[in-house]
Structures are given as structure tokens and as C-alpha cells.
Amino acid sequence: ICELYLSKRSLLIKKLKMALHSARGKLISVIGDEDTCVGFLLGGVGEINKNRHPNFMVVDKNTPVSEVEDCFRRFVKRDDIDIILINQNCAELIRHVIDAHTSPVPAVLEIPSKDHPYDASKDSILRRARGMFNPEDLV
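Residues numbered from 1 in each chain as written. Predicted model: local features only at pLDDT ≥ 70, side-chain atom pairs only at ≥ 80, totals over all residues. Heavy atoms only, no water.

Short version of the rule: UniProt positions are given in the numbering used here, feature names are shortened, and annotations may be inferred rather than shown by experiment.
With an unreviewed UniProt entry as reference, the protein chain is termed V-type proton ATPase subunit F 1, source organism Ceratitis capitata. As its UniProt record puts it under Sequence similarities (unreviewed entry), the protein chain is described as follows: "Belongs to the V-ATPase F subunit family."

## A look at the sheet that holds strand S1 (residues 27-32)
Paired through their backbone hydrogen bonds, the strands of a sheet run either parallel or antiparallel. Note the threshold: Strands qualify as paired when DSSP identifies two bridges or more between them. Helix and strand assignments follow DSSP, with helices taken as H or I runs no shorter than four residues and strands as E runs no shorter than two, numbered in order from the N terminus. Axis lines are fitted to C-alpha atoms, over the contacting stretch for helices. Their N-to-C directions set the angle, which ranges from 0 to 180 degrees. Contact criterion: two residues are considered in contact whenever any of their non-hydrogen atoms come within 4.5 Å of each other.
What the 4 strands build is an open sheet, ordered S2-S1-S3-S4; its pairing is parallel. The sheet terminates laterally at strand S2 (56-58) and strand S4 (107-111), the two strands that pair on one side only. Averaged over neighbouring strand pairs, the angle between their axes works out to 20° when direction is ignored. Taken together, the 5 bridges between S1 and strand S3 (residues 81-87) define a ladder with parallel strand orientation. Considered in S3, the bridge of Ile 28 is made with Ile 83. Each of S1, S2, S3 and S4 touches helix H2 (residues 34-42); the most contacted strand, S1, lies at about 160° to it.

## Here's the deal with the pattern of salt bridges
Quick reminder of the rule: A pairing counts as a salt bridge when a side-chain nitrogen of Lys or Arg comes within 4 Å of a carboxyl oxygen of Asp or Glu. Each residue gets one of three labels from its accessible area relative to the maximum for its type: buried under 20%, exposed over 50%, partly exposed in between, using a 1.4 Å probe on protein chains only.
Taken as a whole and assessed by the stated rule, the structure comprises 5 salt bridges. Where Asp 35 meets Lys 114, a salt bridge forms, and the shortest distance between an N and an O atom there is 2.9 Å. You can see Asp 35 sitting in helix H2 and its partner Lys 114 sitting in the loop between S4 and helix H6 (124-132), a full 79 residues away along the chain. The class of Lys 114 is exposed, set by a relative accessible area of 66%. The salt bridge involving Glu 92 is made with Arg 95; its shortest N-O contact spans 2.7 Å.

## Re the layout of surface pockets
The method is simple in principle: a probe with the dimensions of a water molecule rolls over the atoms, and the space it marks as empty is what remains. Going by this rule: Buried and open spaces are told apart on a 1 Å grid over the protein atoms alone, a cavity being a set of points where a 1.4 Å probe fits but cannot get out and a pocket being an open set with protein on both sides within 12 Å along at least five of seven lines. Residues with an atom within 4 Å of a point are the lining residues. Grid points are joined across faces, edges and corners, and a volume is the space filled by probe spheres set on the points. Only Asp, Glu, Lys and Arg are considered charged, only Ala, Val, Leu, Ile, Met, Phe, Trp, Tyr, Cys and Pro nonpolar, and every remaining residue, Gly among them, polar.
Put simply, the second largest pocket is a space of about 200 Å³. What lines the second largest pocket is a set of 14 residues, among which Asp 33, Val 59, Asp 60, Lys 61 and Asn 89 lie closest to the centre. With 3 residues, the top contributor of residues to the lining of the second largest pocket is helix H4 (residues 88-93). In terms of residue class, the lining of the second largest pocket is built from 4 nonpolar, 4 polar and 6 charged.

Here you go:
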């Protein structure tokens, strides 16, 4: 009887842990300059997963493009991330990788940085969305 109780108890604990994990929701990740990342981290966006991988990357002028590409690909593969925020100037560095991402989840949103204002003509996701709609349908 004691073994049966312990096995049912451990099964219940496992189910509770799974329910709590699924209730936590999905994450927003950030790839950008230091000011952008710090702002979002102060807003509560920062997380480290069970493998000790953060959901943000600070990019500066010395960051290799390959490192930004690898980080973006890691974020796309993670099942706990639903939105990737990326500074538009960082997105320009890896435009070919962003253009290859066609899945709706995680959604990729290009945002301005303090030093580089947003330019809608450079946003490939926005261009793709515009191509889906006929301007006459919006009137």
C-alpha cells in the first residue's frame, strides 16, 4: 500500500510540474544593442532556460555576424520562444537568415534602436505582409 501511495504521489507531482511549466507561457527574446536589451531586461523579459541559455543577446560593433546568425537560429528552434525582437540594424546584418524564416511562430519583429531609427522600407516582414493584402481591400 505504501508503494502504491508513493507512486501515485510521484505521478501527481510530475503532472503538477508539467501543468506549472505549461502555465508559464512563452517567452519574448531580444537581439539588439546594449540599451535595447537592458530596457527589455528591466521590463522583465529576461529568462534563462534549463540549459542555462538566455533569451537575449547584446550586439555591439565587435560582435561577429556569424554569432548573431547562430543566436537567431537558436531562438527560432527554441520551443519556449514565441516572439523575437531584433534591432533593425542587427536584422540588416542577417537579412538572408530572417528572410529564410517563414514560420509564423516565433514572430520576428524589427524594432528601432537609440542610434538607428526604424525604416519601414528595410523591414522584410512588413514587405511580406503588405504583399499578402490588396490595398483596395483595406479601403
